[in-house]
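In case you want the letters, here they are:
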There are 2 protein chains.
Amino acid sequence: MALNSLKKMAQSGDHGRVVLVTGGAGYVGSHCILELLHAGFEVVAVDNFANAIPDESGKLPESLNRVELLTGKKCNFYQVDILDQAQLKSVFQEHSFFCIIHCAALKAVGESTSIPLAYYRTNLAGTLNLLEAAKEANVKRFVFSSSSTIYGTPQYLPMDEKHPVGVGIASPYGRSKHMVEEILQDLQKSDNNWDIIILRYFNPVGCHESGRIGEDPQGLPNNLMPFIAQVAVGRLAELKVFGSDYDTPDGTGIRDYVHVVDVAKAHVAAIKLFEKPFGLKTYNLGTGCGYSVLQVVSAFEKASDKLVKYKIVSRRVGDLATYYCDPSLAEKELGWKCQKNLADMCEDFWLWQSQNPNGFSPETNT
Amino acid sequence: MALNSLKKMAQSGDHGRVVLVTGGAGYVGSHCILELLHAGFEVVAVDNFANAIPDESGKLPESLNRVELLTGKKCNFYQVDILDQAQLKSVFQEHSFFCIIHCAALKAVGESTSIPLAYYRTNLAGTLNLLEAAKEANVKRFVFSSSSTIYGTPQYLPMDEKHPVGVGIASPYGRSKHMVEEILQDLQKSDNNWDIIILRYFNPVGCHESGRIGEDPQGLPNNLMPFIAQVAVGRLAELKVFGSDYDTPDGTGIRDYVHVVDVAKAHVAAIKLFEKPFGLKTYNLGTGCGYSVLQVVSAFEKASDKLVKYKIVSRRVGDLATYYCDPSLAEKELGWKCQKNLADMCEDFWLWQSQNPNGFSPETNT
């Protein structure tokens, strides 16, 4: 849909269907946009292109170019940094939004310990800019991409949404997510015209089943599955497994991996809550099942029919042995449940990685 | 000292003595500057004038005009909002600082629950601006004005610096202070060239013994002593005492009031630590003695020889029964200890209030 049509819709008073997605070019953002377009929403995406590859025209991120090809629908895109409040406000002046899905963030846990100020700036000050622009435009429906890391060390398993938060968080990244949750709670208490949904992602992996969009980390991958996939495709020599002496069946860490398409569908389910006022809701997004690093390696080998060479190295500071969630609240209140299992996650991601060995970079991909 | 002299000193390589004070026009800031000037430091103050009254020239806050009169020394002042990063950076370009004392913040607990975004913006995003400007200028010695409120509900009394923090904080104001502490800890861990001192103020009251500078809240006072003082001076009809059914000897809340001149002297003692690298240090600033609301009222009546009319009303949400600190770490490591008692706090504040019934406002004061 072209800018004019969107404007027309916005101006016509039918404000119910335009969704602003920040970090729209990113891994979770692009998958959310695909599902939003499928579900009939109009989308306005903003992204600063910090981790995104442009398409041939140079104007659209390649990820969103492919989303448009996959859906046959247009996504309105602005190259805007959430740290630039003037630019951000101009986007709100151009459109009337039904709600906001805020995915934009810096998200590399390890990097956040090296450059914490940059993380707090983007994740805190950026979010404050967005909330102020939204408030000024009277768009008070907000979905926030939070993270399981805010639970800190598990007090019990599976972790439900009532699990304590904020104590023993291992990284500035995690703390920034927790701080934003606190800010959102204070904001909603101060003005009950806000309706806010906090989605705590566990470990999103996989990609759209077409293999056309996926996770495309610039530089060395921070997360397990892109690392495994780059070893399988021959871009990296071997996987480092951080610790095999955890108190788990095979000694490696156990996480709750969740298919990114399921995560994206949760956002579509969540924003339907905005039909009626409710205040603030928080949901875990995970399968409720934990898999160890070696189980993921094994599942990926099966999906890819490749050997994934790995080496056991020492534990990383701050890593936990085991965590997985209780996702039943999201099922009960959003009618959302994961549809995809670990084999799907690996198969889909392998399709993406094998068809796009260098991610979205244009010169080298099929 | 004029701008040129300061520049000359900065350029001469004698960087050991210029201190940047943010929020320099404010209550704690102005008292710190007075003590810094007395101790021989040069001071550059920035303030956005949000809560400050200008002097006759309109260029200097009246509080700092009086500091200059009291000390016979000049304070270099810039009207700069810490939210304006460009302005802030230009101050760092003008001067070479030995260290930074960061007092600038929004600080009204009750107001913070009504307008949390404004509080998080000033207190978080403003601090991030300052830290980035400081980092860019390679000024990595930093003192932060924190607050006892970050301890949340006391787990034990007196509270030392090892007391848990961050759980059960009652206001966005308090949470913003706790978040900055976390950011500073992450920053110091990421780069050990930073030396950072966190000073957790308990309840600063009183004023300089001259009665020429003091606390000058705009609008209804948020804190106990200015409220009492305005009742005593006839500006307000009566004091509301929030709750007389706490588990304390007289039923009213007990706090650790500390003379603001003692607080200011703690800053001078603290920055002497910067002679050698140490990482990050945290100190309570309090007397270690708790006084109830009614004890303060009674002490103020004695000091002022006025009756302070009060009315018991219901408790405020989030107020605690009792807290006071263990200040022994500051004594041990900074050689700092409170010199002034509750009678001093009341007498000095009464001198200020009675000589300046309308604070720093020029038309009505003596």
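Residues numbered from 1 in each chain as written. Chains lettered and ligands numbered in written order. Predicted model: local features only at pLDDT ≥ 70, side-chain atom pairs only at ≥ 80, totals over all residues. Heavy atoms only, no water.

As named in an unreviewed UniProt entry, chain A is UDP-glucose 4-epimerase, taken from Hypsibius exemplaris. Of chain A, the UniProt comment under Sequence similarities (unreviewed entry) reads exactly: "Belongs to the NAD(P)-dependent epimerase/dehydratase family." (UniProt positions renumbered as here; feature names shortened; annotations may be inferred.)

*Asks:* Got a minute to help me understand the relation of the copies chain A and chain B in this structure?
*Replies:* Here two copies of a chain appear, and what relates them is a rotation about an axis with a shift along it. Superposition record for chain A on chain B: RMSD 0.0 Å, screw rotation 180°, translation along axis 0.0 Å. The superposition of one copy onto the other is thereby described by a two-fold rotation axis. Closest to the rotation axis within chain A is the C-alpha of A:A125, separated from it by 2.7 Å. (Least-squares fit on C-alpha atoms with pLDDT ≥ 70 in both.)

*Asks:* Looking at this model, I keep getting lost on the packing of aromatic side chains. Mind explaining?
*Replies:* Two measures describe an aromatic ring pair: the distance that separates the ring centres and the angle between the ring planes. Counted by the stated rule, this structure contains 16 aromatic pairs over all chains. Measuring from ring centre to ring centre gives 5.4 Å for A:F92 and A:F97, while their planes differ by 85°; the resulting arrangement is edge-to-face. Here A:F92 and A:F97 have matching classes, each one buried. Pairing B:F49 with B:F77 gives two aromatic rings, centres 5.6 Å apart and planes at 85°, and the pair type is edge-to-face. With B:F49 in the loop between β2 (42-47) and α3 (62-71) and B:F77 in strand β3 (residues 76-79), this pair connects stretches of sequence that are 28 residues apart. (Phe/Tyr/Trp six-rings, centres within 6.5 Å; stacked < 30°, edge-to-face > 60°. Buried < 20%, exposed > 50% of the residue type's maximum accessible area, 1.4 Å probe, protein only. Helix = DSSP H or I, 4+ residues; strand = E, 2+ residues; numbered from the N terminus.)

*Asks:* Help me understand the pairing of strand β2 (residues 42-47) of chain A in this model?
*Replies:* Looking down a regular strand, the side chains alternate between one sheet face and the other. Residues and elements named next belong to chain A. Burial of β2 is extensive: 6 of the 6 residues sit out of reach of the surface. Burial along β2 is two-sided: the residues E42, V44 and V46 and V43, A45 and D47 are all buried. The pairing of strand β1 (residues 18-22) with β2 spans 5 bridges and is classified as parallel. Considered in β2, the bridge of V21 is made with A45. Viewed along the sheet, the connection from β1 through helix α2 (residues 27-38) into β2 turns out right-handed. In this structure, β2 lies alongside strand β3 (residues 76-79), joined through 4 bridges in parallel fashion. Across the sheet, the residue bridging to V44 is N76, located in β3. Chirality of the crossover, the property in question, places the unit of β2, helix α3 (residues 62-71) and β3 among those that are right-handed. (Pairing = 2+ DSSP bridges. Right-handed = clockwise from strand over helix to strand, strands pointing away.)

*Asks:* Sorry if this is basic, but what is going on with the interface of chain A and chain B here?
*Replies:* Quoted interface sizes are often the accessible area lost when the parts come together. Taken together, the contact pairs 23 residues of chain A with 23 residues of chain B. Together, the buried faces of chain A and chain B total about 2,200 Å²; carbon and sulfur atoms form 63% of this surface. In terms of surface lost to chain B, no three residues of chain A exceed A:L117, A:R121 and A:D186, which account for 30% of the buried area on that side. Between the two partners, chain A and chain B, sit 4 salt bridges. Put simply, A:R121 and B:E132 hold a salt bridge, and the shortest N to O gap is 2.7 Å. Elements that contribute at least two residues to the side of chain A that touches chain B include exactly α5 (109-114), α6 (116-136) and α7 (172-190) of chain A. The leading source of residues in the side of chain A that touches chain B is α6(A), at 11 residues. Broken down by class, the residue content of the side of chain A that touches chain B amounts to 12 nonpolar, 5 polar and 6 charged. (Contact = heavy atoms within 4.5 Å. Buried area = accessible area lost by both parts, 1.4 Å probe. Salt bridge = Lys/Arg side-chain N within 4 Å of Asp/Glu carboxyl O. Nonpolar A, V, L, I, M, F, W, Y, C, P; charged D, E, K, R; others polar.)

*Asks:* Before we go on, may I ask you to explain the environment of B:P54 in this structure?
*Replies:* Residues and elements named next belong to chain B. Mapped onto the secondary structure, P54 falls in the loop between β2 and α3. When the C-alpha atoms of P54 and Y257 are compared, they prove to be 29 Å apart, with 203 residues separating the residues in sequence. Sequence-distant contacts of P54, that is, excluding residues within four places in its chain, are made with F49, L60, P61 and E62.

*Asks:* Sorry if this is basic, but what is going on with the side chain of A:S148 here?
*Replies:* With respect to the helices and strands, A:S148 occurs in the loop between β5 (141-147) and α7. Those residues within four positions of A:S148 in sequence are excluded, and the remaining contacts are A:R200, A:Y201, A:F202 and A:Y323.

*Asks:* Please clarify how the packing of helix α8 (residues 224-232) of chain B against helix α10 (residues 293-304) of chain B should be interpreted in this entry.
*Replies:* Helix packing geometry: the angle between the two helix axes and the distance between the axes. Residue and element names in this part refer to chain B. Axis separation between α8 and α10 bottoms out at 11 Å; the angle between their running directions is 45°. The orientation of α8 relative to α10 falls into the category oblique. Crossing geometry of α8 relative to α10 is assigned as right-handed. On α10, the residues touching L224, M225, I228, A229 and A232 of α8 are V293, V296, V297, F300 and S304. Counted by class, the contact of α8 with α10 contains 9 nonpolar, 1 polar and no charged residues. (Axes fitted to C-alpha atoms, helices over the stretch in contact; angles between N-to-C directions. Parallel < 35°, antiparallel > 145°, perpendicular 65-115°, else oblique. Left-handed = near helix turned anticlockwise from the far one by under 90°.)

*Asks:* Just checking my understanding: could you explain the sheet that holds β2(A) for this structure?
*Replies:* Backbone hydrogen bonds hold the strands of a sheet together, and the pairing may be parallel or antiparallel. All names here are of chain A. Pairing within the open sheet is parallel, and its 7 strands lie in the order β3-β2-β1-β4-β5-β6-β11. In the strand order of this sheet, the two ends are held by β3 and β11 (280-285), each with one partner. With strand direction ignored, the average angle separating the axes of adjacent strands in the sheet is 20°. Pairing of strand β6 (residues 195-201) with β11, which is carried by 6 bridges, proceeds in the parallel orientation. In the sheet register, Y201 faces β11, and the bridge partner there is L285. Running at roughly 175° to strand β4 (residues 99-102), α6 makes contact with β1, β4 and β5 of the sheet. Against the sheet, helix α9 (residues 260-271) engages β1, β4, β5, β6 and β11, with an angle of about 165° to β6.

*Asks:* Is there a simple way to explain α10(B) in this structure?
*Replies:* Note on helix geometry: an α-helix contains 3.6 residues per turn, so any two residues three or four positions apart are oriented the same way. All names here are of chain B. For α10, spanning 12 residues, the distance from its first C-alpha to its last is 16 Å, which sits close to the expected 16 Å at 1.5 Å a residue. Along α10, the residues that are buried comprise V293, L294, V296, V297, A299, F300 and S304. Packed against the buried residues of α10 are α8, β8 (239-242), β10 (257-259), β12 (291-292), β13 (310-313) and α12 (342-355). Of the residues trailing α10, D305 is marked for its positive phi of about 55°. (Expected span 1.5 Å × (residues − 1).)

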